Each structure stands twice: as structure tokens, then as C-alpha cells.
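In case you want the letters, here they are:
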Amino acid sequence: MAISRSHSIMSAHMDSIDDAEINQPPFAASAVATQQTRTLSSDVSDDANKYALTKEPRLYDETTEEQGCTKIRDALIPEEINDMSDPNLVLRHFRADKGDITKAIKRTKYAIQWRKDFKVKEMLKAAHDPTTEKEKEIQKILMKEAETGKMFVRGYDNEGRAILYIYQKRENSNIQEHNIMHLIYQIERAIACTERMGFGKAVIVLDFDGWRMKHASSLDLTKKTIHILQDCYVERVAKVYFTNPPGVFRTFFNMVKVFLDSTTRSKIMFVTAKDRPKMETHFNPETAEGCIFGPTNLREYNVDDYFAVPLNCSFDEEL
């Protein structure tokens, strides 16, 4: 699961895709604000020519999205279709690239290849059902990374989106490859929980209480993290909340925000005490973590309990 190429590989891999093979005009259609629900299919190969609607609002009308998805799928080879993470992958890229078919095809192909190269499916299997020594070693790495509760999924916002909490000051490892493996696992878990509730986008809460520059991730790791969220998990994040940000963090953020695209930047909200009334409209004050104005007596995170339940179950949740 080497990750050394995870930030730089994108442009090289995408540039290798023949534009002549995928040259399609961008779609132009007016956005609509309809919401429809349909159960997600976990087996892409059973119905590869369909996408499954979620509670996420449409960006375009149904016909436009159907036609756009068809054009993207038609540019994929059977192996790529089989390796898609889920039926909605092409729909998310169509929406993320604002109907630009050529760009959406390139980015879809990249995301599929990245997921295959990183062996995400194999990692998830190892995390919850290890049978070989290699799988047990992967689970051991993930549980070691997760033992301090620096990052875990707990509960849902008021819409029903899973919440991924990140406490950077709880960092317990400086092995970048393991950091990235753990990040991907937690993203996948947030997605699995969110999809069980009928949505496609999760919520991220990063708490900076007590944060100092010594807690900052390296620039290289920060760039890789941004790359993974923006290019490998397109349209998977609804909102990002920065809670209790000290002034020194804003300085750090100004350094790294140049790597964020405009869509990602628009999803970020800095949260301070004065925002409590607004946050209570987004989060249940009885079940959210204290950093987002929830109670301070919630059950303490436990890594063994966290890995003992299925991937689509958040911490301290009963299915």
C-alpha cells in the first residue's frame, strides 16, 4: 500500500489518458433542487449501467444526469467498471466537474485506479475480518493508529450524515504511510455510515482546542490529505467544521489553503463559542462531541469496541 505517489501521481496518470478517446463537450444545464431517495447497491457489477439516487440534491435534471453518467461509463473499460467503489462514482464526478465530460472521465479513471493501487477493498476486509497474517498486520497497524481516538466516526448530524471527528493533538504516530492508511479507513467508515442513512456525503469536525504549531502535520502529509479528499473521494464531504481554532492555526491554514479548490474552501466553517446557537441547528446537543457543543459525559472512545462493530456502524451506536 505504498502512498509515496499519492499526491504527484494524479497529473501524470491523468495526462496519460488519451483525450481523443474521451473528447466530449461539457454539459450545460440549469441546476434544480430536487431530492430523491433510492437504496444504494453494494455490487456495482450487478447493475453497472445504473446509478442509485440518495438524499443528496440533484445538480442537474434527471435526463441530463442520466446522459452524463452514460457518457462517462461508456468511456470506462469493463475492468474499471468492475473496480468502481459504488454505482454513484460516475454521478459524483459528473456533478463535481459541473458536467464537463472530458474532465469527469479523466478523474473517474484516476479515482478507480488509485483505489485499486492502494488496495482499499483489501484494507477494509483486513480491518474487520482478518484471516491471513498479512491482514492481521494491517488490522494491527490501523488499530494502533486509532487507539488514541485522534480520528473516529461518532453519531450523525441532524440531517443524518455521519460525523468524522479529528483531534490532531492526539496524534500518536509519525509513520506517514500508516497515517494515510488510517485516514482512508476513517473516510471509508464515515461514508459507510452515511450511506446507511441514505446520504452520500459525510461531515468532518476538526477540533483545535489546545492546538500548537507542534501539532501541525507536515506540509507533505497535509497536501496528500487534501489530494485524497478532493480527488479520490469526490463529492463525499458535505461540510468541514474547524472548532476552537486558535489564532496560530489560522496562520497555518493561510499557508495551506492554496492547495484547496474553491468547492472545498466553500465547505469549511470556523466555529467559535458565538456559533453555538447555529451549531445546535446542525448537531444534536445531546449526542455530539463536546467540541461541537455536545455533553462532556459521552462514553469514552475505545479502540477495541470501535473495531468490534461493522464498518457501517459509528462508535457507541447500536444497529
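Residues numbered from 1 in each chain as written. Predicted model: local features only at pLDDT ≥ 70, side-chain atom pairs only at ≥ 80, totals over all residues. Heavy atoms only, no water.

### Observations concerning the pattern of salt bridges
Alright, step 1. Applying the stated rule across the entire model yields 28 salt bridges.
Alright, step 2. The partner of Glu65 in a salt bridge is Arg58, and the shortest N-O contact between them spans 2.5 Å.
Alright, step 3. Overall, the relative accessible area of 6% leaves Arg58 in the buried class.
Alright, step 4. Between Arg107 and Asp97 there is a salt bridge; the shortest N-O distance is 2.7 Å. Of this pair, Arg107 sits in helix H6 (residues 101-118) while Asp97 sits in the loop between helix H5 (89-96) and H6, and the two are 10 residues apart along the sequence.
Alright, step 5. Ionic contacts of the salt-bridge type, sharing partners, join the residues Arg154, Glu289, Arg299, Asp305 and Asp316 into one network. (Salt bridge = Lys/Arg side-chain N within 4 Å of Asp/Glu carboxyl O. Buried < 20%, exposed > 50% of the residue type's maximum accessible area, 1.4 Å probe, protein only. Helix = DSSP H or I, 4+ residues; strand = E, 2+ residues; numbered from the N terminus.)

### Examining unusual backbone geometry
Alright, step 1. Within the chain, Asn244 stands out as a residue other than glycine whose phi angle is a positive 55 degrees.
Alright, step 2. Looking at the secondary structure, you find Asn244 in the loop between strand S4 (237-243) and helix H11 (247-256).
Alright, step 3. By relative accessible area, Asn244 is classed as partly exposed at 36%.
Alright, step 4. Even without glycine at this site, Phe293 takes up a positive phi of about 75 degrees.
Alright, step 5. Counting through the fold element by element, Phe293 comes out in the loop between helix H13 (276-279) and helix H14 (303-308).

### Considerations on the confidence of the model for the protein
Alright, step 1. Within the protein, residue pLDDT values average 87, and 84% of them lie at 70 or more.
Alright, step 2. Confidence drops under a pLDDT of 50 for residues 2-12, and excluding neighbours within four residues, the segment shows 21 contacts in the predicted structure.
Alright, step 3. Within the model, pLDDT remains below 50 along residues 20-48, and this stretch shows 62 contacts once partners closer than five positions in the same chain are excluded. (pLDDT = per-residue confidence, 0-100. Contact = heavy atoms within 4.5 Å.)

### What to know about the environment of Asp157
Alright, step 1. Mapped onto the secondary structure, Asp157 falls in the loop between strand S1 (151-156) and strand S2 (162-167).
Alright, step 2. The contacts of Asp157, once residues within four sequence positions are left out, are Ile163, Val203, His282 and Phe283.
Alright, step 3. A polar side-chain atom of Asp157 sits 3.0 Å from the main-chain amide nitrogen of Glu159. (Polar contact = N/O pair within 3.5 Å; in protein donor to acceptor, adjacent residues only side chain to side chain.)

### Brief notes about the packing of aromatic side chains
Alright, step 1. Here the structure, examined in full by the defined rule, presents 26 aromatic pairs.
Alright, step 2. Ring geometry for Phe152 versus Phe315: centroids 6.1 Å apart, planes at 85 degrees, classification edge-to-face. Separated by 163 residues along the polypeptide, Phe152 in strand S1 and Phe315 in the segment after H14 bring together distant segments of the chain.
Alright, step 3. Residue classification places Phe315 among the buried positions, given a relative accessible area of 3%. (Phe/Tyr/Trp six-rings, centres within 6.5 Å; stacked < 30°, edge-to-face > 60°.)

### Some details on the packing of H5 against H6
Alright, step 1. For the pair H5 and H6, interaxial distance at closest approach is 9 Å and the crossing angle is 135 degrees. Taken together, H5 and H6 sit at an angle that is classed as oblique. Read as a crossing pair, H5 and H6 show a hand that is right-handed. Judged by residue contacts, Leu89, Val90, His93, Phe94 and Ala96 of H5 engage Ile101, Ala104, Arg107, Thr108, Ala111 and Ile112 from H6.
Alright, step 2. Across the contact of H5 with H6, the residue classes break down as eight nonpolar, two polar and one charged. (Axes fitted to C-alpha atoms, helices over the stretch in contact; angles between N-to-C directions. Parallel < 35°, antiparallel > 145°, perpendicular 65-115°, else oblique. Left-handed = near helix turned anticlockwise from the far one by under 90°. Nonpolar A, V, L, I, M, F, W, Y, C, P; charged D, E, K, R; others polar.)

### What to know about the environment of Asn302
Alright, step 1. Following the sequence through the fold, Asn302 ends up in the loop between H13 and H14.
Alright, step 2. Measuring from C-alpha to C-alpha, the distance between Asn302 and Asp316 comes to 9.3 Å, with 14 residues separating the pair along the chain.

### Details of the side chain of Gln168
Alright, step 1. Structurally, Gln168 can be placed in the loop between S2 and helix H9 (176-196).
Alright, step 2. A polar atom in the side chain of Gln168 sits 3.0 Å from the side chain of Trp211.
Alright, step 3. Ignoring sequence-local partners within four residues, the contact set of Gln168 consists of Asp207, Phe208, Trp211, His215, Ala216 and Ser217.

### As for the sheet that holds strand S5 (residues 268-271)
Alright, step 1. Here we have five strands laid out as an open sheet, ordered S1-S2-S3-S4-S5, and mixed in their pairing. Each edge of the open sheet carries a strand with a single partner, namely S1 and S5. Recorded for the sheet is a direction-independent mean angle of 25 degrees between the axes of neighbouring strands.
Alright, step 2. Where S4 and S5 come together, four bridges link them in parallel fashion. For Thr243, the partnering residue across the bridge sits in S5 and is Val271. (Pairing = 2+ DSSP bridges.)

### Examining the pairing of S1
Alright, step 1. In terms of burial, S1 is a largely internal element, six of the six residues being buried.
Alright, step 2. Direction of pairing for S1 relative to S2: antiparallel, over a ladder of four bridges. Residue pairing for S2: Met151 is matched across the bridge by Ile166.
Alright, step 3. Remark: five residues form the turn of the hairpin made by S1 and S2, two consecutive strands paired antiparallel; Gly160 in that turn has positive phi of roughly 115 degrees.

### Some points on helix H8 (residues 133-146)
Alright, step 1. Between its first and last C-alpha, H8 extends 20 Å over 14 residues, near the 20 Å set by a 1.5 Å rise per residue.
Alright, step 2. On its buried side, H8 packs onto helix H7 (120-128), H9 and H14. (Expected span 1.5 Å × (residues − 1).)

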